[in-house]
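Examining the three-dimensional arrangement
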Amino acid sequence: MLNGAGRAGVAERLVSDDAGGRGAMVLQVLDARIAWWAPADARAWLKERLTDLVVDADPATADIEFRWTVVDGDLRCVHGDAHMQSVSPNHCLSEAMIEINRLAARSVATDRLVLHAGVVSPELGRAIALCGRSGAGKSTATTAAVLAGWGFVADEVCALHPDTFAVRPYPRPIGLRLGGAQALGLDRRQDDTWRPPTLVTDPPVLEQVVLVARRPGPPQLRRLSPAAALEELANHTLGGDGLERHVFRRLEHLVRSVPVVVAEYESAPELIDTLDR
C-alpha cells in the first residue's frame, strides 16, 4: 500500500489509461479541471486526501493532466511542466498542490481578486482572510481556527468577488508542516495535508484581512492605513499575470472597504482567540 513513509510498495503495476476513465480521477479546482492518472493504490491514497475536490467527470473534459507512474520502484510525477522522480508521495503531493493552487487562481483571476491566503469563517456569512509570506504560519493559523470551531472556507487561494467581497469556497486540504501540526497537537510524523471537518459551502463575505507574522509574545494587532495595506497586499495576489491594472483597482477598492491588520503572534490558538474577541 502507498504510504507517506517512502516509495516502496507504491504500486505493483500501472493501471492502463484506456477509454472510460479507468486509471484517472478528476479534480475540480475552482474553474479549472485536472485529470490525475495514477496506479490504483496511489489514486486511493490521493483521493483520501483530496476527496473534497474530486468530481464525477470524464477525464477528457480536463484542462490539464497530472501523471504518477512507478518505474523500477521509483515514483515519477508529472504536474504540467513540472517533473519529479525518486521522491516520497507526500513530497510529490506537496509539489502538486503548488501547481493546483496556481491553476485554481488563474482559472478565476479574470473575474475575481485572488489573494494568497487561508480563509476561515467565525460564524455563518462572515469570513476572515489570513495572509502572510511563506513560513509566516498562514496554514497553522487557519488550522487553529478550524480546531477552535470556525468554518473552513479555503487554504492558499482566496478568490474574492471584486464588488461584494464574497469568498468562493475552495475545499482543498490544508498543507501543514510538521512543526505547525505538532504545535496544534495533531498526530503527524512529517509534512502532510489535513482535511478540515467543517467545510463552508455558501460564499461568506470578507470582513477582515489579517497579515500574519511570527513574533515572540502575546498576539498584537495593528491596523494598516489603506495606502500601507495596498502596498502590503500587492505582494500577496495570485493569478494576475497580464491583469495588473485590474488587480490594482480591485485591491484599491478592497483596502478602502475592508479593514486590513497586521497580527504578530507566537501561538496560533492565542491569535485566533484574539481575533474572536
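Residues numbered from 1 in each chain as written. Predicted model: local features only at pLDDT ≥ 70, side-chain atom pairs only at ≥ 80, totals over all residues. Heavy atoms only, no water.

**Some remarks on the state of the cysteines**
Working definition of a disulfide: a covalent bond connecting the sulfur atoms of two cysteines. So the rule is basically this: Pairs of cysteine sulfur atoms within 2.5 Å are identified as disulfides in what follows. Only DSSP runs of H or I covering at least 4 residues are called helices, and only runs of E covering at least 2 are called strands; the numbering of each starts at the N terminus. Accessible area is worked out with a 1.4 Å probe on protein chains only. A residue is then buried under 20% of its type maximum, exposed over 50%, and partly exposed in between.
For the coordinates displayed, the defined rule picks out 1 disulfide. Cys77 shares a disulfide with Cys92; S-S distance 1.8 Å. Highlighted residues: Cys77 in strand 5 (residues 74-79) and Cys92 in helix 2 (residues 89-108), separated in sequence by 15 residues. The class of Cys77 is buried, set by a relative accessible area of 1%. Owing to a relative accessible area of 0%, Cys92 belongs among the buried residues under this scheme. Distance from the sulfur of Cys131, which forms no disulfide, to the nearest cysteine sulfur (Cys158) is 6.8 Å.

**Description of the layout of surface pockets**
Left-over empty space is what a probe sized like a water molecule reveals as it rolls over the atoms. Put simply, the test is: Here a cavity denotes grid points, spaced 1 Å and computed from the protein atoms alone, that fit a 1.4 Å probe unable to get out, and a pocket denotes an open set having protein on both sides within 12 Å along at least 5 of 7 lines; residues with an atom within 4 Å of a point are the lining. Grid points are joined across faces, edges and corners, and a volume is the space filled by probe spheres set on the points. As a working rule, the residues Ala, Val, Leu, Ile, Met, Phe, Trp, Tyr, Cys and Pro are called nonpolar, Asp, Glu, Lys and Arg charged, and the rest polar, with Gly in that last group.
Taken as a whole, the largest pocket encloses approximately 1,000 Å³ of empty space. If you trace the largest pocket, you find 43 residues lining it, with Ser94, Ser139, Glu156, Gly175 and Arg177 closest to the centre. Residue assignment for the lining of the largest pocket shows that the elements contributing at least two residues are helix 2, helix 3 (138-147), strand 13 (174-176), helix 4 (178-183), strand 14 (192-194) and helix 7 (268-275). Its residues assigned to classes, the lining of the largest pocket shows 11 nonpolar, 19 polar and 13 charged.

**Points about the packing of aromatic side chains**
Note the following rule: Stacked, tilted and edge-to-face are the three classes assigned to paired rings of Phe, Tyr and Trp, where Trp is represented by its six-membered ring and a pair needs centres within 6.5 Å; plane angles under 30 degrees give stacked, over 60 edge-to-face, the rest tilted.
Counted according to the given criterion, the structure contains 3 aromatic pairs. When the ring of Trp36 is compared with that of Phe66, the centres are 5.1 Å apart and the planes differ by 75 degrees; the resulting orientation is edge-to-face. Remark: Phe66 occurs in strand 4 (residues 64-71) and Trp36 occurs in strand 2 (residues 32-37); sequence separation between them is 30 residues. For the pair Trp36 and Phe66, one class covers both residues: buried. For the pair Trp36 and Trp68, a centre-to-centre distance of 5.5 Å together with 75 degrees between the ring planes defines the contact as edge-to-face. Taken together, the positions of Trp36 in strand 2 and Trp68 in strand 4 put the pair 32 residues apart, joining distant regions of the chain.

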